[in-house]
Amino acid sequence: MFHKIMVANRGEIALRVICACKELGIRTVAIYSEADRNSLHVRFADEAICIGPPQLAQSYLNIPAVISAAEIANVDAIHPGYGLLSENANFAEVCETCNIKFIGPPPQVTRLMGEKEKARAAMKKAGVPILPGSEGILASEGEAVEWARQVGFPVIIKASAGGGGRGMRIVRSAEELPALFNAAHSEAAAAFGNGDLYMEKYVERPRHVEFQILADSHGNVVSLGERECSLQRRHQKLMEESPSLQVTPELREETGRILSQALSNIGYVNAGTIEFLMDQDRRLHFIEMNTRIQVEHPVTEMVTDVDLVKSQIMIAAGAKLQDVLHGPIQPRGHAIECRINAEHPEKFTPSAGKITTFNPPGGTGVRLDTAAYAEGVIPPYYDSLIAKLVVRGRDRNEAISRMGRALEMFIVEGIFTTIPLHRKILADPEFRAGKIDTGFIERFLKAAKEHAA
Ligand code: MV4
């Protein structure tokens, strides 16, 4: 097992990783920017090293600075958290070169999944259902028209280097395709330095359902079931839950079986998330894979009782799944997570500043992952997520009432947060009935606006 791990992240996820290390008896090293001197990840790590000024490019994304700190502290491994360097295959390679274990998949697997068109082809080959679409990168708008006619309109053009919604265009007819193809190409080239595009059949009003897996370095893979993540605004998730009301035990079992086989074949190692779109017929179609621990991982932890971050660390140290898990995965009850962002609840603009009052909720079935505290300052340089409020209940109704009372007791003053928005969503009859798809939040906000007018 590792003796010392560097946590190459900040905020709630850095604290989350430190918690896992403490429980495993591993020493921790925090890195921090000048804006994060008084952060809790600095306070709770055994050692802390300042790596630069507040700007991400000069601190948490500065690979030479991060590696230098790791060398100075003489760590065995680096946990990247989510975002930042977590899906950077070059960083993983640098770690390897320096004899530091990167807690994540092998670099070539991270690289494969980062190229969405290649990931799609690899998953298809490994037996995972994908949507009808193009094969290989679209060479020209002419080739795109050919594929679109074969697939049938509407189609969606996506950037191979994209993900998270950037560089996408929905195309409903052959006439509008060339212009949208060129716009997507330019946008992708500008945003990712790579204009490669591919195409899929467009699914109207899909649900976003993702499966959590764990894979060890001995070829063993296990599924921990799914999360329903359709409640998003501009590709930012707001609320997640597990299980999904739409996934039957048979579909869960079958998908888990297919994914275990596929990811074992691909040589995947680490925790991982396989994203699917669920269509109107409740069929699942692979769209992307995330090779990191995700923001919403606690939802799965609450229903399975598996510590995913501890599992990542043990797997990176060479442990077998049978020694990481306590037995078969048996999800129990229902969990919901609300992402609490420091932003204006209607305008969604970031709200940095000093927190004057902070009353965290607690009690039965409530978990709060946060690095925020009273008198603490939220800097303007980073992601606006300041807390994840997660509850578990025997069933969805109990989880909803528990979340309602926890949100009521969660008092944050001095900055704006999304707490009021979550209270309203929770009261919505459609949400309570489980009628949620990727268009829900847009419809909800539009109705709220019209009601106010
Ligand atoms: C799609 C789609 C419909 N059909 N692909 C958006 C982000 C990226 N990860 C995939 N996305 C979508 N891909 C096909 N073939 C609709 C979306 C989509 C979406 C997906 C998940 C969650 C929210 C979404 C919001 C708008 C569009």
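That block above? That's the structure.
About the criteria used
- Residues numbered from 1 in each chain as written.
- Predicted model: local features only at pLDDT ≥ 70, side-chain atom pairs only at ≥ 80, totals over all residues.
- Heavy atoms only, no water.
- Phe/Tyr/Trp six-rings, centres within 6.5 Å; stacked < 30°, edge-to-face > 60°.
- Helix = DSSP H or I, 4+ residues; strand = E, 2+ residues; numbered from the N terminus.
- Buried < 20%, exposed > 50% of the residue type's maximum accessible area, 1.4 Å probe, protein only.
- Lys NZ or Arg CZ within 6 Å of the ring centre and 35° of its normal.
- Salt bridge = Lys/Arg side-chain N within 4 Å of Asp/Glu carboxyl O.
- Axes fitted to C-alpha atoms, helices over the stretch in contact; angles between N-to-C directions.
- Parallel < 35°, antiparallel > 145°, perpendicular 65-115°, else oblique.
- Left-handed = near helix turned anticlockwise from the far one by under 90°.
- Contact = heavy atoms within 4.5 Å.
- Nonpolar A, V, L, I, M, F, W, Y, C, P; charged D, E, K, R; others polar.
- Pairing = 2+ DSSP bridges.

Draft legend 1. Looking closely at the packing of aromatic side chains. Per the stated rule, a full pass over the model turns up six aromatic pairs. The interplanar angle of 80 degrees and the centroid separation of 5.8 Å between the aromatic rings of Phe211 and Phe276 together place this pair among those described as edge-to-face. A residue pair is termed long-range when its members are at least 10 positions apart, and Phe211 in strand β9 (residues 207-215) and Phe276 in strand β12 (residues 270-278) qualify at 65 residues. Phe276 shares its class with Phe211; the two are buried. Within the aromatic cluster, the residues linked to one another by ring pairs are Tyr60, Tyr381 and Tyr382. The ring of Phe431 carries the charged tip of Arg396 above its face, separated from the ring centre by 4.8 Å.

Draft legend 2. Highlighting the pattern of salt bridges. Applying the stated rule across the entire model yields 32 salt bridges. One salt bridge in this structure joins Glu23 and Lys310, with 2.9 Å as the shortest N-O distance. Of this pair, Glu23 sits in helix α1 (residues 11-24) while Lys310 sits in helix α11 (residues 308-316); the two residues are 287 residues apart in sequence, bridging distant segments of the chain. Overall, the relative accessible area of 55% leaves Glu23 in the exposed class. As a salt-bridge pair, Glu296 and Lys237 come within 2.7 Å of each other at their nearest N and O atoms. Residue Glu296 is located in the loop between β13 (284-290) and α10 (297-304), and its partner Lys237 is located in strand β11 (residues 236-242); the two are separated by 59 residues in the primary sequence. For the pair shown, Glu296 and Lys237 are each scored as buried. Connected via shared salt-bridge partners are Glu210, Arg227, Lys237, Glu240, Glu296 and Arg339.

Draft legend 3. Expanded view of the packing of helix α13 (residues 396-409) against helix α14 (residues 419-427). Remark: α13 packs on α14, axes separated minimally by 10 Å, with the N-to-C direction vectors making an angle of 150 degrees. On the basis of the axis angle, α13 is roughly antiparallel to α14. The handedness of the crossing between α13 and α14 is left-handed. Only Ile419, His422, Arg423 and Leu426 of α14 make contact with α13, whose side of the interface consists of Ile400, Met403, Gly404, Leu407 and Glu408. Class assignment for the residues of the contact of α13 with α14 results in five nonpolar, two polar and two charged.

Draft legend 4. Representation of the sheet that holds strand β6 (residues 155-159) in the model. On the basis of which strands lie adjacent, the open sheet formed by three strands has the order β7-β6-β8 and antiparallel pairing. Looking at strand neighbours, the two that pair on one side only are β7 (169-171) and β8 (197-201), the edges of this open sheet. On average, each strand axis in the sheet is inclined to that of its neighbour by 30 degrees, with strand direction left out of account. Pairing between β6 and β8: five bridges, direction antiparallel. What sits directly across from Ile157, in β8, is Met199. Packed onto the sheet, helix α7 (residues 141-151) meets β6 and β8 and runs at close to 15 degrees relative to β8. Sitting on the sheet, helix α8 (residues 177-192) is in contact with β6, β7 and β8, with an inclination near 165 degrees to β7.

Draft legend 5. Structural context of the sheet that holds strand β10 (residues 221-233). The antiparallel open sheet is built from eight strands, whose spatial order is β13-β12-β9-β10-β11-β14-β19-β17. For this open sheet the edge positions go to β13 and β17 (366-370), each flanked by a neighbour on one side alone. For this sheet, the mean angle separating the axes of adjacent strands, direction not counted, is 25 degrees. The sheet contact formed by β10 and β11 spans four bridges and is antiparallel. When the sheet's bridge partners are listed, Glu228 is paired in β11 with Glu241. In the packing of helix α9 (residues 249-266) onto the sheet, contacts are made with β9, β10, β12 and β13, and the angle to β10 comes to roughly 110 degrees.

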